[in-house]
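The chain contents come next:
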Amino acid sequence: MNCHKCQRFMFPVPGKTHFVCGVCQCFGFPTPLESGPEPIVSSGKQVDFQCVRCHENLTVGTLYNRTDVCFCTGCRGFVIDSQSVGMLIEQLRAEHKGPDAKPTPMNPDQLDIPARCPACGDATEAHPYYGPGNCVLDTCRHCKLVWFDHSELDLIVRAPGQRSKARQTYDLGYN
Ligand SMILES: [Zn+2]
Ligand SMILES: [Zn+2]
Ligand SMILES: [Zn+2]
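Let us look at the structure shown here. This one's a predicted model, so the numbers in the text were calculated from it and none came from an experiment. Sequence order as written defines residue numbering, which begins from 1 separately in each chain. Chains carry letters and ligands carry numbers; both start at the beginning, A for chains and 1 for ligands, and go up in the order they are written. Note on the predicted model: pLDDT of at least 70 is required for a residue's local features to be given, and 80 or more for side-chain atom pairs to be given and counted; whole-chain, interface and lining totals, by contrast, use all residues. The side-chain quantities take in all heavy atoms of the structure and omit both hydrogens and water.

Here we come to the sheet that holds strand β9 (residues 136–140). Backbone hydrogen bonds are what pair the strands of a sheet, in a parallel or an antiparallel way. By definition, two strands form a pair when at least two bridges between them are found by DSSP. Numbered from the N terminus, helices here are DSSP runs of H or I no shorter than four residues, and strands are runs of E no shorter than two. Ordered by their spatial adjacency, 7 strands build an open sheet running β4-β5-β6-β7-β10-β9-β8, and the pairing between neighbours is antiparallel. The open sheet has two edge strands with one neighbour each: β4 (40–50) and β8 (125–128). Across the sheet, the axes of successive neighbouring strands diverge by a mean angle of 35°, strand direction being ignored. For strand β5 (residues 57–63) and strand β6 (residues 67–71), the ladder comprises 5 bridges, and the chain directions are antiparallel. Considered in β6, the bridge of Gly61 is made with Val69. Whether two residues touch is decided by their heavy atoms; if any such pair falls within 4.5 Å, the residues are in contact. Between N-to-C directions, angles cover 0 to 180 degrees, with each direction set by a line fitted to C-alpha atoms, over the stretch in contact for helices. Relative to strand β7 (residues 78–81), helix α1 (residues 82–95) is tilted by about 95°, and along the sheet it contacts β5, β6, β7 and β10 (145–148).

The aromatic pairing rule takes the rings of Phe, Tyr and Trp, using the six-membered ring of Trp, and pairs them if the centres are within 6.5 Å, calling planes under 30 degrees apart stacked, those over 60 edge-to-face and the rest tilted. Within this structure, the stated rule accounts for 2 aromatic pairs. Relative to Phe11, the ring of Phe9 lies with its centre 5.4 Å away and its plane at 90°, an arrangement referred to as edge-to-face. Taken together, a centroid distance of 5.5 Å and an interplanar angle of 20° make the contact between Phe78 and Phe148 stacked. Linking Phe78 in strand β7 with Phe148 in strand β10, this pair joins segments that are 70 residues apart in sequence. Exposure is judged per residue with a 1.4 Å probe applied to protein chains only, and the accessible area is read against the type maximum: over 50% gives exposed, under 20% gives buried, and values in between give partly exposed. For Phe78, a relative accessible area of 0% gives the class buried.

Each metal's donors are the N, O and S atoms found within 2.8 Å of it, except that Na, K and Ca use a 3.2 Å limit; water is left out, so coordination can look incomplete. Coordination sphere of the zinc ion (ligand 2), protein contribution only: Cys51 (SG), Cys54 (SG), Cys72 (SG) and Cys75 (SG), at 2.2 to 2.3 Å. In short, tetrahedral needs four donors with all angles between 85 and 135 degrees, square planar needs four and octahedral six donors with opposite donors over 155 degrees apart and all other angles between 65 and 115, and whatever is left is irregular. Coordination at the zinc ion (ligand 2) comes from 4 donor atoms whose angles at the metal span 103 to 113°, giving a geometry best classed as tetrahedral. Each donor residue of the zinc ion (ligand 2) lies on the same chain, and together they follow the pattern C-x2-C-x17-C-x2-C. With Cys51 in the loop between β4 and β5 and Cys75 in the loop between β6 and β7, the pair connects residues that are 24 residues apart, well separated along the chain. Since its relative accessible area comes to 1%, Cys51 is described here as buried. The class for Cys75 is buried, based on a relative accessible area of 6%.

At the metal site, the zinc ion (ligand 1) is ligated by Cys3 (SG), Cys6 (SG), Cys21 (SG) and Cys24 (SG), and these contacts range over 2.0 to 2.3 Å. Around the zinc ion (ligand 1), the 4 donor atoms sit at angles spanning 101 to 116°, and that spread fits a shape best called tetrahedral. For the zinc ion (ligand 1), all donor residues lie on one chain, and their spacing in sequence is C-x2-C-x14-C-x2-C. For Cys21, a relative accessible area of 1% translates into the label buried.

All right, on to the pairing of β9 then. Of all 5 residues that make up β9, 5 are buried, and the element is covered over most of its length. Where β8 meets β9, 4 bridges bridge the pair, whose relative direction is antiparallel. Across the sheet, residue His127 finds its bridge partner in β9, namely Leu137. Taken together, the 3 bridges between β9 and β10 define a ladder with antiparallel strand orientation. Counterpart to Thr139 in the pairing with β10 is Val146.

Rendered as structure tokens:
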């Protein structure tokens with residue numbers, strides 16, 4: 001895969017499915033936004049929130065056909081209202097039909113990457129996500145927002161571990 005800005009070779013991001021340019025540090029994705037592992041349908045409308053990583057303005061979109069998010073077109077990170085995160089993860093994990101992801105250890109270095117809330121600009125708190133998936137999430141207590149880097153939510157959805165009763169009943173009843 002080659003960089004869309006400088007045309008140079010892009011390197012795979014370790015443990016991920018996307019690529020990064022060694023020259024401009026921009027990201028490349030093998031799948032379109034709407035059909036990637038975390039499908040987002042863009043409204044094309046930009047908002048005055050900045051990407052936690054790239055500091056570009058975020059765009060409003062719909063994630064997994066059900067939740068409004070503000071996402072970054074450059075790195076595909078997105079921010080969600082923290083009150084809807086738990087329910088979203090539970091639903092997506094219950095509906096996940098594919099194989100579980102191989103567990104990957106959390107990268108503790110991620111806890112030290114400074115980040116600013118896309119809405120208020122205050123420093124976010126980085127903390128490990130305590131459910132399955134070994135992710136580090138950035139949150140703003142004041143704005144009640146959670147930032148997901150690209151593929152973190154997908155990792156949580158596909159991580160091994162308990163899924164909701166709906167899924168278990170389905171498995172027991174029909175397999
Ligand atoms: Zn480049
Ligand atoms: Zn970004
Ligand atoms: Zn904030």
